There are 2 protein chains.
Amino acid sequence: MNELQSAAASGDGTVGKALDILDMVAGHGRPVRFSELLAEGRFPKATLYRLLQTLTNQGMLAFDPERQSYAPGMRLVRLAHSAWRQSSLAPVARPHLDALAAEVGETIHLAQLDTGQVLYVDKRNARQPVEMFSQAGKVGPAYCTGVGKAMMAFLDAAELEGVVQRQSFHRFTEHTLASPEALKAELAAIRARGYAFDREEHEPGIICVALPILSRGDRVIGALSVTSTKERTTLAALEALVPKIRETAARIAAEAESWRFPEQDNRGGRSCLA
Amino acid sequence: MNELQSAAASGDGTVGKALDILDMVAGHGRPVRFSELLAEGRFPKATLYRLLQTLTNQGMLAFDPERQSYAPGMRLVRLAHSAWRQSSLAPVARPHLDALAAEVGETIHLAQLDTGQVLYVDKRNARQPVEMFSQAGKVGPAYCTGVGKAMMAFLDAAELEGVVQRQSFHRFTEHTLASPEALKAELAAIRARGYAFDREEHEPGIICVALPILSRGDRVIGALSVTSTKERTTLAALEALVPKIRETAARIAAEAESWRFPEQDNRGGRSCLA
DNA sequence: AACCAAGTTTCACATATTGGAACCAGCTAG
DNA sequence: CTAGCTGGTTCCAATATGTGAAACTTGGTT
């Protein structure tokens, strides 16, 4: 029936297809027409149509009748809020990120590995007010970012293989490690050293240090990075921050371990104000 | 064939059920056991089980084998990022919120109406760094919040009816409007006045002014509020901010109108494979 | 009027979903 | 140790659901 299609994507019946379509719509990054999706050739006309309808009236997609196009719906935002609070590292990490941010005056990212990609779950922006979802929920490549490499370096062989296979190795800059071999060599170095650099591998001028967040038994549960520009600082200067970052990572890891959900149920009214 | 019947809830086949389950899990606000969900009695054992599995291996749910419990998964966060950027008012409103926040030194909320509830999509916090998802994606009641009432007041009769029906009218404080009648009277006043107050109706000590964001033809597309505490300020003082807020709301509305998605397609990286 | 492309609906067919019931731990109590 | 649990997983026939080619409708062009 099925052999090595297992891993990633669709397969599970109707629900799987529906979610696939959700991804397709979200993936476009802008409202999409029925025909555009159809053109992707992944589903026959009628099926696609029906599924879109279902998703739409479930609020997972929003249909703009004027422009006749679909976009991911707000129900996702509601659900994601809940996901973020429960399943991400962000809530436990928050105070630690704040502290670290106060110490080093640079941009900080908290990321997790998801389907071979880096998923940013929180951020502290040196200056200027934080952007909300615009950053959390964002995904990026693993093979050419500090956090991505930091996490990959501490995966075990089997996991790593899967993740490496999913990398696109697109050459973003002249420094991008654009092959599995180059990447693996780099990962070995990172593993030995204990932390990763991003030497303008993803964006020109942007450099960073990143450390994995390891839970008991060295399981990778996330990564933490401090980012800056080549103009403002140097790799050596960033490297000097490693002890602090490591400390923060350790604290987060420790807390993540013990973090059991408070037995109180949900829905009350929480609001603003500290 | 139909519009305003059946509305939200489940019904659409398997996909609908799956999404229902997603809501159930998310709704608990903490990892849930199979049996807890089962106890809800909405689905027969085997069905629930299968659906949970499907959702899990699609990444919509995360299963913690140690604690044997399900929580909303990270795939939702990814999807929501996209939803937030495309379908919410937040991206267009951002600069205007920043400006408003700078002027009035208080907490600002940007909300939309979703399934009869208030869905917060962005926020500016007077002081202290913004919390990310913790606020965006959060939902709250419509009948006892400034933004909720501001939006309801400008719905047309048919829409309003639907929304009112979904209110729980739980009495949060002694000021809460706890009946459809009281609410409707208030809404009429708000409609006439052009803006809404929250007089400690949701949380004791918390007051706010809110204005709807109306697009061409007076369609409600969101709401904007300035919140503070009874100690720090008064309703009259908040009322004095109305012109500024109205201006901001108008700007957001105008921009939302013209906002067509930049023709550039999805970000440089990969599509949906790799 | 004739055409075309985009979107919507139909319908005979088969596959995916269903859910009662049986099954399998792992526990606790008798 | 055995019976009786509770919580979770698997079977499988019955059938409700989802499928998709093709027909149809809409609205815009020439």
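Residues numbered from 1 in each chain as written. Chains lettered and ligands numbered in written order. Predicted model: local features only at pLDDT ≥ 70, side-chain atom pairs only at ≥ 80, totals over all residues.

Caption draft 1: Here's a closer look at the packing of helix H4 (residues 74-87) of chain A against helix H4 (residues 74-87) of chain B. Viewed as axis vectors pointing N to C, H4 of chain A and H4 of chain B meet at an angle of 140°, and their least axial separation amounts to 8 Å. The angle between the axes of H4 of chain A and H4 of chain B places the two elements in the oblique class. Two packed elements cross with a definite hand, and for H4 of chain A against H4 of chain B that hand is left-handed. Seen from H4 of chain A, the contacting residues are Met74, Leu76, Val77, Leu79, Ala80, Ala83, Trp84 and Ser87 of chain A; seen from H4 of chain B, they are Met74, Leu76, Val77, Leu79, Ala80, Ala83, Trp84 and Ser87 of chain B. In terms of residue class, the contact of H4 of chain A with H4 of chain B is built from 14 nonpolar, 2 polar and no charged. (Axes fitted to C-alpha atoms, helices over the stretch in contact; angles between N-to-C directions. Helix = DSSP H or I, 4+ residues; strand = E, 2+ residues; numbered from the N terminus. Parallel < 35°, antiparallel > 145°, perpendicular 65-115°, else oblique. Left-handed = near helix turned anticlockwise from the far one by under 90°. Contact = placed C-beta atoms within 7 Å. Nonpolar A, V, L, I, M, F, W, Y, C, P; charged D, E, K, R; others polar.)

Caption draft 2: Highlighting the protein's contact with DNA strand D. Near DNA strand D you find 17 residues, and of these Pro44 and Ala46 of chain A together with Gly13, Ser35 and Ala46 of chain B are the closest. Contributing elements (two or more residues each) for the surface near DNA strand D: helix H1 (13-28) and helix H3 (45-57) of chain A together with helix H1 (13-28), helix H2 (34-39) and helix H3 (45-57) of chain B. No other element matches the 4 residues that H3 of chain A contributes to the surface near DNA strand D. By residue class, the composition of the surface near DNA strand D is 6 nonpolar, 6 polar and 5 charged. (Near = placed C-beta within 6 Å.)

Caption draft 3: Spatial organisation of the protein's contact with DNA strand C. In the region of DNA strand C, 17 residues are neighbours, and Gly13, Phe34 and Ser35 of chain A together with Pro44 and Ala46 of chain B sit closest. Within the residue set of the surface near DNA strand C, elements represented by two or more residues are H1, helix H2 (34-39) and H3 of chain A together with H1 and H3 of chain B. No other element matches the 4 residues that H3 of chain B contributes to the surface near DNA strand C. Residues that form the surface near DNA strand C fall into these classes: 6 nonpolar, 6 polar and 5 charged.

Caption draft 4: Seen up close, the pairing of strand E7 (residues 206-215) of chain A. Residues and elements named next belong to chain A. Within E7, 7 of the 10 residues are buried, which leaves it mostly tucked inside the rest of the structure. Where strand E6 (residues 196-199) meets E7, 4 bridges bridge the pair, whose relative direction is antiparallel. Paired with Arg199 across the two strands is Ile207, which belongs to E7. Where E6 folds back onto E7 in an antiparallel hairpin, the turn is made up of 6 residues, including Glu200, whose phi is positive at roughly 55°. As paired elements, E7 and strand E8 (residues 219-229) share 10 bridges and run antiparallel to each other. Bridged to Leu211 within E8 is Leu224. Joining the antiparallel neighbours E7 and E8 is a turn of 3 residues, in which Gly217 adopts a positive phi near 80°. (Buried ≥ 20, exposed ≤ 12 C-beta atoms within 10 Å, placed from the backbone. Pairing = 2+ DSSP bridges.)

Caption draft 5: Structural view of unusual backbone geometry. Here Thr115 of chain A, not a glycine, exhibits a phi torsion of approximately 50°, which is positive. Mapped onto the elements, Thr115 of chain A comes out in the loop between strand E3 (107-114) and strand E4 (117-124). Among the residues examined, Thr115 of chain A registers 18 C-beta atoms within 10 Å and is labelled partly exposed. The phi angle at Asp218 of chain B is positive, at roughly 60°, despite the residue not being glycine. As for its placement among the helices and strands, Asp218 of chain B is situated in the loop between strand E7 (206-215) and strand E8 (219-229).

Caption draft 6: Highlighting the packing of H1 of chain B against H3 of chain B. Residue and element names in this part refer to chain B. Following both chains from N to C, one finds H1 and H3 inclined at 80°, their axes separated by 10 Å at the closest point. Looking at the two axes, H1 sits roughly perpendicular to H3. For the pair H1 and H3, contact is made by Lys17, Ala18, Ile21 and Leu22 and by Leu51, Leu52, Thr54 and Leu55, respectively. A class-by-class count of the residues in the contact of H1 with H3 yields 6 nonpolar, 1 polar and 1 charged.

Caption draft 7: Examining helix H8 (residues 180-193) of chain A more closely. Residues and elements named next belong to chain A. Here H8 contains 14 residues, and its C-alpha end-to-end distance of 20 Å stays within 8% of the 20 Å for a straight helix at 1.5 Å per residue. Along H8, the residues classified as buried are Leu183, Glu186, Leu187 and Ile190. Within H8, the buried residues cover an arc of 105° as seen down the axis, which keeps them to one side. Structural note: H8 exposes Glu181, Ala185, Ala188 and Ala192 on the side pointing more than 90 degrees away from its buried face. On the buried face of H8, the contacting elements are helix H6 (146-152), helix H7 (157-165) and E6. Positioned one or two residues after H8, Gly194 has a phi angle of 100°, which is positive. (Expected span 1.5 Å × (residues − 1). Arc of directions from axis to C-beta.)

Caption draft 8: Examining the sheet that holds E6 of chain A more closely. Residues and elements named next belong to chain A. Spatially, 6 strands are ordered E5-E4-E3-E8-E7-E6 in an open sheet, and the strand pairing comes out antiparallel. Strands with a single pairing partner mark the edges of an open sheet, and in this sheet they are strand E5 (139-140) and E6. Relative to E8, E3 runs antiparallel, the two being bridged by 5 bridges. Among the inter-strand pairings, Ile108 is bridged to a residue of E8, identified as Val226. Lying over the sheet, helix H5 (residues 90-103) contacts E3 and E4, oriented at roughly 55° with respect to E4.

Caption draft 9: Structural context of the pairing of E4 of chain A. Residue and element names in this part refer to chain A. Judged by how many residues are buried, E4 sits mostly within the fold: 8 of 8 residues are covered. Looking at chain direction, E3 and E4 are connected through 7 bridges and run antiparallel. Residue pairing across strands places Leu110 opposite Asp122, the latter belonging to E4. Linking two consecutive strands that pair antiparallel, namely E3 and E4, is a turn of 2 residues; a positive phi of about 50° is found at Thr115 within it. The pairing of E4 with E5 spans 2 bridges and is classified as antiparallel. Bridging from a neighbouring strand, Leu119 pairs with Val139 of E5.

Caption draft 10: Here's a closer look at helix H6 (residues 146-153) of chain B. In terms of residue burial, H6 of chain B counts as a mostly covered element, since 8 of its 8 residues are buried. Looking only at H6 of chain B, the buried set comprises Gly146, Val147, Gly148, Lys149, Ala150, Met151, Met152 and Ala153 of chain B.

Caption draft 11: The arrangement of the domain arrangement of chain A in detail. According to the domain assignment, chain A consists of domain 1 (13-76) and domain 2 (88-258). On a C-alpha basis, the centres of domain 1 of chain A and domain 2 of chain A stand 33 Å from each other. (Domains from an automatic or database assignment.)

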